[in-house]
Amino acid sequence: DRSRGKTTNKLIVALILFKMYGIVLQYIRQKKSDCEPKVIRNLYETVKEYNYIEKIFGDTFNDIEYYGKRWYLTKRDEEGNVIEKCDEHCTMCIGLDESDSLKSTYNAPKGDMIFHDEFITSIYGYNDFVRFADICKTIIRDRISPVIYMSANNINKNSPWFSELGIQ
C-alpha cells in the first residue's frame, strides 16, 4: 500500500544505525537523475517534520542537508543558520545506471545498510537486476554484515524483478 511509511521507517532505522555504529545508508534509486537535488531534496522531509533527528541525536543535530549525492546531519540555530555539520555523511545516494562507473572507484566500508527504494517502476530498465547486483557487490565487497532492503508499491505484479529474485 501507498503511504505506509516504507521509506521513512528505513530512513529512521538508518539514522539510528549511523548514531550507534557509524553505518552509512546506501540509498539506491533506478536512475542517477533520481538522486539530483531537485528530485531528492524532500527525502528526509517527514523525518524532519516529526523531529526524529532530535529524538535520535538529542542536542547534537536537528536537521539534515543534501550535498553531492550525500546527506549530512546538521545543527541549526533559531534563525536556521547551520552552526555545526557532521564531518561524515549518513546517507549516500546511488542510481542503478551508475553501476559501471562505481565498480573500481566507490568504496563504502561502512555501507552495511543498502536500501533500493521504489525498485518496481513502470519501466524495467536494461539489466536493472544485474546493475543492482553489481552495485551491491561494489558496496559489500567481501563483508558479511550488510543487509539489503527493497521497497516499492506493487504497481506491477508481473514485474521482471519478481522473476529475477526468484519469487514470481
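See the structure printed just above.
Residues numbered from 1 in each chain as written. Predicted model: local features only at pLDDT ≥ 70, side-chain atom pairs only at ≥ 80, totals over all residues. Heavy atoms only, no water.

Visitor: Break down the overall build of the chain for me, with residues and values.
Guide: Helix and strand counts for the chain come out as 7 helices and 7 strands. Going residue by residue from the N terminus, the α and β elements of the chain occur as α-β-α-α-α-β-β-β-β-α-β-α-β-α. For 168 residues, the compact-globule estimate of 2.2 N^0.38 gives 15 Å, and the chain sits close to it at 16 Å. Every one of the 168 residues in the chain was classed for burial, and the buried ones make up 42%. When the 24 positive and 25 negative side-chain charges of the chain are each reduced to one mean point, those points stand 4 Å apart. (Helix = DSSP H or I, 4+ residues; strand = E, 2+ residues; numbered from the N terminus. Rg over C-alpha atoms; globule rule 2.2 N^0.38 Å. Buried < 20%, exposed > 50% of the residue type's maximum accessible area, 1.4 Å probe, protein only. Lys, Arg positive; Asp, Glu negative; His and termini not counted. Charge placed at Lys NZ, Arg CZ, Asp CG, Glu CD.)

Visitor: Please give an account of the environment of Lys-19 that cites residues and values.
Guide: Residue placement: Lys-19 occurs in helix α1 (residues 6-21). C-alpha separation for the pair Lys-19 and His-89, spaced 70 residues apart in sequence, amounts to 11 Å. The contact partners of Lys-19, leaving out residues within four places of it in the chain, are Ile-56 and Phe-57. (Contact = heavy atoms within 4.5 Å.)

Visitor: Can you explain the nonpolar core? Please cite residues and give values.
Guide: As a rule of thumb, soluble globular proteins bury nonpolar side chains together. Among the nonpolar cores identified, the biggest contains 27 residues, and Leu-15, Tyr-44, Trp-71 and Leu-73 are the most heavily contacted of them. If you list the elements that add at least two residues to this core, you get α1, β1 (25-29), α4 (52-57), β2 (63-67), β3 (70-76) and β6 (113-117). Here this core takes 5 residues from α1, the largest share from any one element. Filtering out sequence-adjacent residues up to four positions away, Leu-15 remains in contact with Tyr-44, Val-47, Ile-53, Ile-56, Phe-57, Ile-64, Leu-73 and Cys-90. Formed by 18 residues, the second largest nonpolar core is a distinct cluster that contains Ile-28, Ile-94, Leu-102 and Tyr-106. (Core = buried A, V, L, I, M, F, W, Y, C linked by side-chain atoms within 4.5 Å.)

Visitor: Describe in detail the pairing of β6, supporting the description with residues and values.
Guide: Counted residue by residue, β6 has 5 buried out of 5 residues, so it is predominantly covered. Residue alternation in β6 divides its side chains into two sets, Met-113, Phe-115 and Asp-117 and Ile-114 and His-116, and both sets are buried. Across 4 bridges, the pairing between β1 and β6 is parallel. By the bridge assignment for β6, Gln-26 is matched with Ile-114. (Pairing = 2+ DSSP bridges.)

Visitor: If you had to explain the pattern of salt bridges to someone new, which residues and values would you point to?
Guide: Enumeration over the complete set of coordinates arrives at 10 salt bridges. In this structure, the salt-bridge partner of Glu-65 is Arg-76, at a minimum N-O distance of 3.3 Å. Here the residue Glu-65 occupies a position in strand β2, and Arg-76 occupies one in strand β3, the gap between them amounting to 11 residues. Each of the salt bridges in this network shares a partner with another, and the network as a whole consists of Glu-45, Lys-48, Asp-63, Glu-65, Arg-76 and Lys-85. (Salt bridge = Lys/Arg side-chain N within 4 Å of Asp/Glu carboxyl O.)

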